[in-house]
Amino acid sequence: MSKELKTFTREEVALHNKEDDLWIIVDAKVYDVTKFKNLHPGGTSVFFAEDIAGQDATEAFYGLHRHEVLLKPQYQRLQIGILQGEKSVLHSNISGELSQVPYAEPLGITPGYHSPYYTDAHRRFQVAARKFVDEVLTPDAMAREEDGKRPSLSVIQKMAETGVLAMTMGPGPHLKGRTLLGGVVKPEEFDRFHELILAQELCRPNCRGYRDGQNSGATIGLPPIIHFGRPELRDRVVEEVLSGKKFLSLAISEAFAGSDVSGLRTTATKTPDGKFWIINGTKKWITNGTFSDYFTVGCKTDKGLTVIFVERGEGVETKAIKTSYSSAAGTAYITFENVKVPVENTLGPEGSGVFVILSNFNHERWAMCCGGARNMRFIVEECLKWVNQRKAFGKPLHSQAVIRSKLADMLSKTEAAQHWLESVTYQMQHMDYKQQAQLLAGPIALLKMFITRSAQDVARDAVQIFGGRGITKTGMGKHIEHYHRTVPFDAILGGAEDVLGDLGVRQAIKAMPKTAKL
């Protein structure tokens, strides 16, 4: 049972300004910090400033702390009352609601704005997705990103039960018969813009390692099985993975070859009777690899690059790789030593691995673009909040022209990224898998390069805006520090940004008509 809060006037609070009787006001709430002052991480002296002891410390508090501090039980207990005739106006994000901060949401789903892409059905879906993320994913994300453990299986199960795991694969037959987020959208109505919305909502906790640990290996490893696997293999594996019972990783990159998939050294040799593959080699930087049950593996065969589905078993060993983001992602080094796999596990014709891998890259890179664009927006929102509450030289931080200039650049790049992404998504919506592979490899590659470069600019400017807080893992700038530390991942995963930029140009040159002259 919560304690009854008394009502005080400001004059009454002002009388409690001594070391053995110390009250403060924060957002019309009265706190007794007499005993707490000696436990305060910043020392006791801060409480005895003339504008703090017995006074309204709201401005000072929010110049040093995030609002979430007041929501912790140990600090909620310090509240003894409220101010007479006044109400609290500050609150944390309300589950499922859009932010009121300008540019904190894509314009297409922001009230008052219009979009050629989003319908009211999309907007209802966005509300349901955000509510799910806020209530189910975010608490687990905060804990697991910190302790490095894989996402809780109970959360993965909820993602499966609500169809979230299935929806990350995009539209398709794999959604048939599923209830999606309580029925907010029918499986046959789910489209690429629903997928875009979901991909961006799943990124909002800003826990990069945790997000990759949410069976995201399947997001990039399952499509080859869906599109190229034998029906009996496809049906079994898709159901196991999308029900949250099994985990899957895409195993392409090696220490010897990353973006250069033709340089892979992992080999697959057929047994004399032609019934099995014998796989030998290593894979590196494999997302979810430490806890995956299945692997979609790129191998060299006599007929060229081939993709093969491999189950964890004898000869398969995984080891964790420490990277600059949380080990919740399960990043792994994998060894295959004489692993025996039925030839029926071959995905697509033998030797067609380049097409299988490259066609899969489009969706993988597009999904990364969704996350990259959303993460930029989250950081811009953090910066807008900070410059509005932080004072420097006696004025709000936004009064500095150099700060406004940085924000203008950040906002421009964030909006450009989102609108380009939505344009590409529209093309995906109206193309089949083969058309996407043929026509969108270049545009998606260039989009990803633009977003990853813009994101690093945003990260650098955000650190400058937050100052020392932007390089501190806790407190006001914790999200900025995390973003600045992990944003280079996007420039590497799914293909290095320089390689992708070159791919986009080469695709354009290849399509140049011979009749085009100045």
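Everything discussed here concerns the structure shown above.
Remember, predicted model here, so these are calculated numbers, not experimental data.

(A) Here's a closer look at the packing of aromatic side chains. Scanning all chains against the criterion turns up 16 aromatic pairs. Between Y118 and F193, the ring centres sit 5.6 Å apart and the planes meet at 80°, which makes this aromatic pair edge-to-face. A residue pair is termed long-range when its members are at least 10 positions apart, and Y118 in the loop between β5 (79-83) and α4 (120-147) and F193 in helix α7 (residues 192-201) qualify at 75 residues. Each member of the pair, Y118 as well as F193, is classed as buried. Where W420 meets F450, the ring centres are 5.7 Å apart and the plane angle is 50°; that geometry is what we call tilted. Here W420 is found in helix α13 (residues 401-429), whereas its partner F450 is found in helix α15 (residues 441-466), with 30 residues between them in sequence. Judged by its relative accessible area of 32%, W420 is partly exposed. With a relative accessible area of 26%, F450 lands in the partly exposed category. Here a set of aromatic residues connected by ring pairs shows up, and it is made of Y117, Y118, F193 and Y426.

(B) How the structure looks around the nonpolar core. Core analysis: the largest hydrophobic core is formed by 98 residues, its most contacted members being L137, M167, L222 and I465. The dominant element in this core, judged by the number of residues it contributes, is helix α12 (residues 353-389), at 15 residues. Residues W277, I279, C299 and A332 belong to the second largest nonpolar core, which totals 16 residues.

(C) Broad picture of the pattern of salt bridges. If you walk through the whole model with that rule in mind, you get 34 salt bridges. Residue R130 is joined to E105 by a salt bridge in which the shortest nitrogen-to-oxygen separation is 2.5 Å. Here R130 is found in helix α4, whereas its partner E105 is found in the loop between β5 and α4, with 25 residues between them in sequence. Note on accessibility: R130 and E105 belong to one class, buried. The residue R236 makes a salt bridge to E311 at a minimum N-O spacing of 3.1 Å. Here E311 lies in strand β10 (residues 304-311) and R236 lies in helix α11 (residues 231-242), a separation of 75 residues in the sequence. A residue is classified by how much of its surface remains accessible, and E311, at 36% relative accessible area, is partly exposed. When salt bridges with common partners are traced through the structure, they connect R66, E68, E382 and K478 into a single cluster.

(D) Focus on the sheet that holds strand β1 (residues 6-8). If you trace the five strands from one edge of the open sheet to the other, you get β1-β5-β4-β3-β2, paired in mixed fashion. Pairing within the sheet leaves two strands with one partner each, and these edge strands are β1 and β2 (17-18). Pairing between strand β3 (residues 21-26) and strand β4 (residues 29-32): four bridges, direction antiparallel. Following the sheet pairing, W23 is matched in β4 by D32.

(E) The arrangement of the environment of A218 in detail. Note that A218 resides in helix α9 (residues 216-221). Residues A218 and Y294, spaced 76 residues apart in sequence, show a C-alpha to C-alpha distance of 9.2 Å. Here A218 is in contact with M169, P223, V241 and L248, once residues within four sequence places are set aside.

(F) Fine view of the packing of α13 against α15. For the pair α13 and α15, the least separation of the axes is 10 Å and the interaxial angle reads 155°. Taken together, α13 and α15 sit at an angle that is classed as roughly antiparallel. Both α13 and α15 take part in a crossing whose hand is left-handed. When its residues are assigned to classes, the contact of α13 with α15 shows 17 nonpolar, two polar and five charged.

(G) Spatial organisation of the pairing of β5. As paired strands, β1 and β5 are joined by three bridges and run parallel to one another. Its bridge partner lying in β5, K6 is registered against G81. Pairing of β4 with β5, which is carried by three bridges, proceeds in the antiparallel orientation. Across the sheet, residue Y31 finds its bridge partner in β5, namely Q79.

(H) Representation of helix α5 (residues 153-161) within the structure. Every buried residue of α5 is listed here: V155, I156, M159 and A160. Axial view of α5: buried residues confined to an arc of 145°, hence all on one face. The elements touched by buried residues of α5 are α4, α6 (164-167), α8 (208-213) and α11.

(I) Focus on a nonpolar patch on the surface. Together, V505, I509 and M512 make up a nonpolar patch on the protein surface, roughly 300 Å² of accessible area in all. Among the structural elements, I509 can be located in helix α17 (residues 497-510). Judged by its relative accessible area of 57%, I509 falls in the exposed class.

The rules behind these values
- Residues numbered from 1 in each chain as written.
- Predicted model: local features only at pLDDT ≥ 70, side-chain atom pairs only at ≥ 80, totals over all residues.
- Heavy atoms only, no water.
- Phe/Tyr/Trp six-rings, centres within 6.5 Å; stacked < 30°, edge-to-face > 60°.
- Helix = DSSP H or I, 4+ residues; strand = E, 2+ residues; numbered from the N terminus.
- Buried < 20%, exposed > 50% of the residue type's maximum accessible area, 1.4 Å probe, protein only.
- Core = buried A, V, L, I, M, F, W, Y, C linked by side-chain atoms within 4.5 Å.
- Salt bridge = Lys/Arg side-chain N within 4 Å of Asp/Glu carboxyl O.
- Pairing = 2+ DSSP bridges.
- Contact = heavy atoms within 4.5 Å.
- Axes fitted to C-alpha atoms, helices over the stretch in contact; angles between N-to-C directions.
- Parallel < 35°, antiparallel > 145°, perpendicular 65-115°, else oblique.
- Left-handed = near helix turned anticlockwise from the far one by under 90°.
- Nonpolar A, V, L, I, M, F, W, Y, C, P; charged D, E, K, R; others polar.
- Arc of directions from axis to C-beta.
- Patch = residues over 30% accessible without salt bridge, like charges linked within 9 Å, V, L, I, M, F, W, Y side chains within 5 Å.
- Areas by Shrake-Rupley, 256 points an atom, 1.4 Å probe, with all protein chains shown as cover.

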